[in-house]
Amino acid sequence: FLFFSKMIHEFKGWEEPVVVMEQSPAIDVIGIGLQSGHVILYNIKFEKKLMSFHQDFGNITSIAFRTDGQPVMATGSTIGHVTFWDLEKKRLITVLRHAHVNSVSGMKFLQRQPTMITSSPDNSLKMWIFDNPDGSARLLRQLSGHSSPPTKIHFYGERGHIVLTGGLDRSLRYSSIVRGLGCTELSQGSVISRANSMRVEVTQLKLPPITCIAAESARAYDWDNVVTCHLGHGKAHTWNSQNRCIGKYTFKCKSKDNQKIVANCCNVSSCGNFTVIGYDNGQIERYNLQSGLDRGSVKAHEKTIRGLHISSANFALISTSADKTIKFWRFKDFCLDTVVQCESAVAISKLHRESSLLAVAFDDYTIQIYDIDTKAVVRSFFGHRNVITDISWSLDARWLVSSSIDGTIKTWDVPTGRLIDCFLVEEAPTSVAFSPSGEMLASTHQDNVGIFLWANKIKYSGGYPTPLPNDFQPSTISLPQTIVDEQGGTEDMEGEESIETNEVNEEELTDYITPGQLSEELVTLSMLPDSRWKNLVNLDLIKLRNKPKEPPKKPKAAPFFLPSVAGLETKFDIQKDDEKAENVDKSRILSNKNFESNSILLRILAKDPETCTPLVELLKEMGPSDIEAEFRMLGPEMNGTIDGLVDLFKAFVILLKSGKYYELVQAYITLFLKLHGDLVPKHEGLRQQAEELITVIDDTWQDCQKLLHQSTCLVKYFKSATV
């Protein structure tokens, strides 16, 4: 009895271990699975065995009963087969072979539906429906991942929602980190039917595990756009990401050596037209992905090639090798340009095409960053204590993430050359990839079939992390997990240690609120849309274009109805006609006695000419046509005054000196001179303000030019100098 933790009855048993039990739809009847493969239907009320079956596939791992009126029992096995039994005729119905790669650990029929759901340690959840003519089941849909630990991960596309992963289960998977239904394995052909005909395992006919993935989305709708290299395999294979299947071409080394040659690395050009493949004999070959034709080859290195990279404009090809060299080639004709000697053999290399920065990890556990334009080392990072398994760039090349067998995942800040984040995990990371959106980091780990996503807190907090000290000791945190809470929802957990670590990091982050102007020496823009100030000068042209070509046509005469008063007798309402006549008699012409300028700008300038904030806020809220009307009302022909024009000139000078709303002030000055430029040389006050305005504009532009030159010099220095 569960409430009192007391045993109320004991059954005799069956002289062998009981591995699974399941309640049947019938009251007091349960299904019992034994280790020998026997399954027994047992009435626990009368302690009587009703019937028994024997499964030829060994141990019973799960039992389920149909609840839609069909007397069918299903049993799972350790080799992934599912057997169906007819309980009325007490015989075998059919066997669903290879339902899973591993044992069927869970099985459940949906209530009153011909649908069954199965689960397995192969990291899959499958739904089966019994709608075949013979009553057998077919696969309806599935959610699955790698059945063996993934070893390579690559973000595909610009949005960062898709990852391509290769694992020890010899599969290439296309997974969406946003929608679970978007996860699928890329087909390798009819391997299942071939395996059934040859009576071998499906995995034996698949390609070896993937060691390198290269993909570009530029020509994804036209031809194959993914290239992979495989462990100990001499061919590189193409894949089609749109059709989710293996491609048409396989590329094999054209070398005449009799020894077995293995393809180690590959890359795809940014245009999606070419791929380059590096082999362990030092050979580099280039192919056209559209036609699959060979477009040249070169004997580049004496030892294994560890990385190949193509520049953004297809001008340069960079190869890294275990022979301690980095070579720069002309992509067009494979002409050698520069050879860089290294102190250690290259392990991994990654190129950030937009910034022309090449990150290289060496066998001595160090990382160096090269500028491919100057062929010089610009940054060096030290800190890993074991083999570096992978490196990945952020979108803006500001951060570099590295993982190592020592269990650490480190984030390096490239401009400062400092370590800004580091954490230790129990299971060593095998691959890392930074999403193109910068929102998260994906990682794979040894002896784990999951793909783990780490949120980038800096992306959402708005702060910036401080560099870690040189003697920083990372704490061990558990990998992110998904658990089910009491309310039935899901929650991501990272362990108690990770929560404490996050709290410490959040205290170090300081919220930074951007002021209206960073410094008085800088020029600040208004951030208004371009249409709000670019159209001020061209309003006449815009009005001319928008002028209707034909005059408006007179509408058709509407039917005339005399107004009437509600009541039993018909009476016409004459009062409305009298009111219309009175309104017509009144004149709509304004009297000239009290006619004054109603300009809002004049009233604001009259209050305080030195304060320009209310003036700018008013103009920012107004449209281009309203601004032009206000500027016209300042002129003498619209009953304005010269003093008002002088005050507006002074406001322009004050705003230019402050450096705020720079593009708005320039547009306002242009409009002002267009409307009232003929008055400037005629009045002394306007002329003096115009001279001061020219001086301020010249000084402001000289300051801007000085800052631009200074920034350009700093960029060139940091790009070329060895820091």
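The rules we used
- Residues numbered from 1 in each chain as written.
- Predicted model: local features only at pLDDT ≥ 70, side-chain atom pairs only at ≥ 80, totals over all residues.
- Heavy atoms only, no water.
- Pairing = 2+ DSSP bridges.
- Helix = DSSP H or I, 4+ residues; strand = E, 2+ residues; numbered from the N terminus.
- Axes fitted to C-alpha atoms, helices over the stretch in contact; angles between N-to-C directions.
- Core = buried A, V, L, I, M, F, W, Y, C linked by side-chain atoms within 4.5 Å.
- Buried < 20%, exposed > 50% of the residue type's maximum accessible area, 1.4 Å probe, protein only.
- Contact = heavy atoms within 4.5 Å.
- UniProt positions renumbered as here; feature names shortened; annotations may be inferred.
- Expected span 1.5 Å × (residues − 1).
- Phe/Tyr/Trp six-rings, centres within 6.5 Å; stacked < 30°, edge-to-face > 60°.
- Lys NZ or Arg CZ within 6 Å of the ring centre and 35° of its normal.

- The name given to the chain in an unreviewed UniProt entry is Small-subunit processome Utp21 domain-containing protein, with Clytia hemisphaerica as the source organism.

## Quick look at the sheet that holds strand β39 (residues 452-455)
- The sheet built from three strands is open, its strands ordered β37-β38-β39 with antiparallel pairing. Each edge of the open sheet is held by one strand with a lone partner, namely β37 (429-434) and β39. Averaged over all pairs of adjacent strands, the angle between their axes in this sheet comes to 25 degrees, without regard to strand direction.
- Bridge analysis of strand β38 (residues 440-445) against β39 gives four bridges, and the strand direction is antiparallel. Within β39, the position partnered with S443 by the bridge is F452.

## Observations regarding the nonpolar core
- Judged by nonpolar contacts, the single largest core of 40 residues is most densely connected at L619, I627, F631, L648, F649, F652 and Y668.
- Put simply, the parts of the chain that give this core at least two residues each are α7 (600-607), α8 (613-621), α9 (624-633), α10 (642-658), α11 (662-676) and α12 (684-720).
- Apart from the residues within four sequence positions on either side, I627 is in contact with L536, L619, M622, Y668 and L671.
- With 29 residues, the next largest nonpolar core counts C212, C253, A263 and V276 among its residues.

## Points about unusual backbone geometry
- Phi is positive for N123, close to 70 degrees, though the residue is something other than glycine.
- Among the secondary structure elements, N123 is positioned in the loop between β10 (115-120) and β11 (124-129).
- You can call N123 partly exposed: its relative accessible area is 30%.

## Quick look at the UniProt feature "repeat: WD" (unreviewed entry) in the chain
- The UniProt record marks residues 97-128, 298-329 and 381-422 with the feature "repeat: WD" (unreviewed entry), using the residue numbering of this structure.
- Helix makes up 0% of residues 298-329 and strand 59%, and the two end C-alpha atoms of the span are 10 Å apart.

## Re α11
- Counted at 1.5 Å a residue, the expected span for α11 with its 15 residues is 21 Å, and the 21 Å between its end C-alpha atoms agrees.
- Across the 15 residues of α11, 11 count as buried, placing the element largely inside the fold.
- Along α11, the positions that sit buried rather than exposed are Y662, E663, L664, V665, A667, Y668, I669, L671, F672, L675 and H676.

## A closer look at the packing of aromatic side chains
- Under the definition given, this model contains 13 aromatic pairs.
- Ring geometry for Y249 and F251: centres 6.4 Å apart, planes at 15 degrees, overall stacked.
- Overall, the relative accessible area of 17% leaves Y249 in the buried class.
- An aromatic cluster of at least three residues, connected via ring pairs, comprises F84, F109 and F130.
- Of note, R244 hangs over the ring of Y174, and the distance from its end group to the ring centre comes to 3.8 Å.
- Looking at K375, its charged tip hangs above the ring of F328, at a distance of 5.4 Å from the centre.

## Some thoughts on the side chain of T444
- Relative to the elements of secondary structure, T444 occurs in strand β38.
- The class of T444 is buried, set by a relative accessible area of 0%.
- Apart from the residues within four sequence positions on either side, T444 is in contact with P150, T151, I153, A428, P429, T430, S431, G450 and I451.

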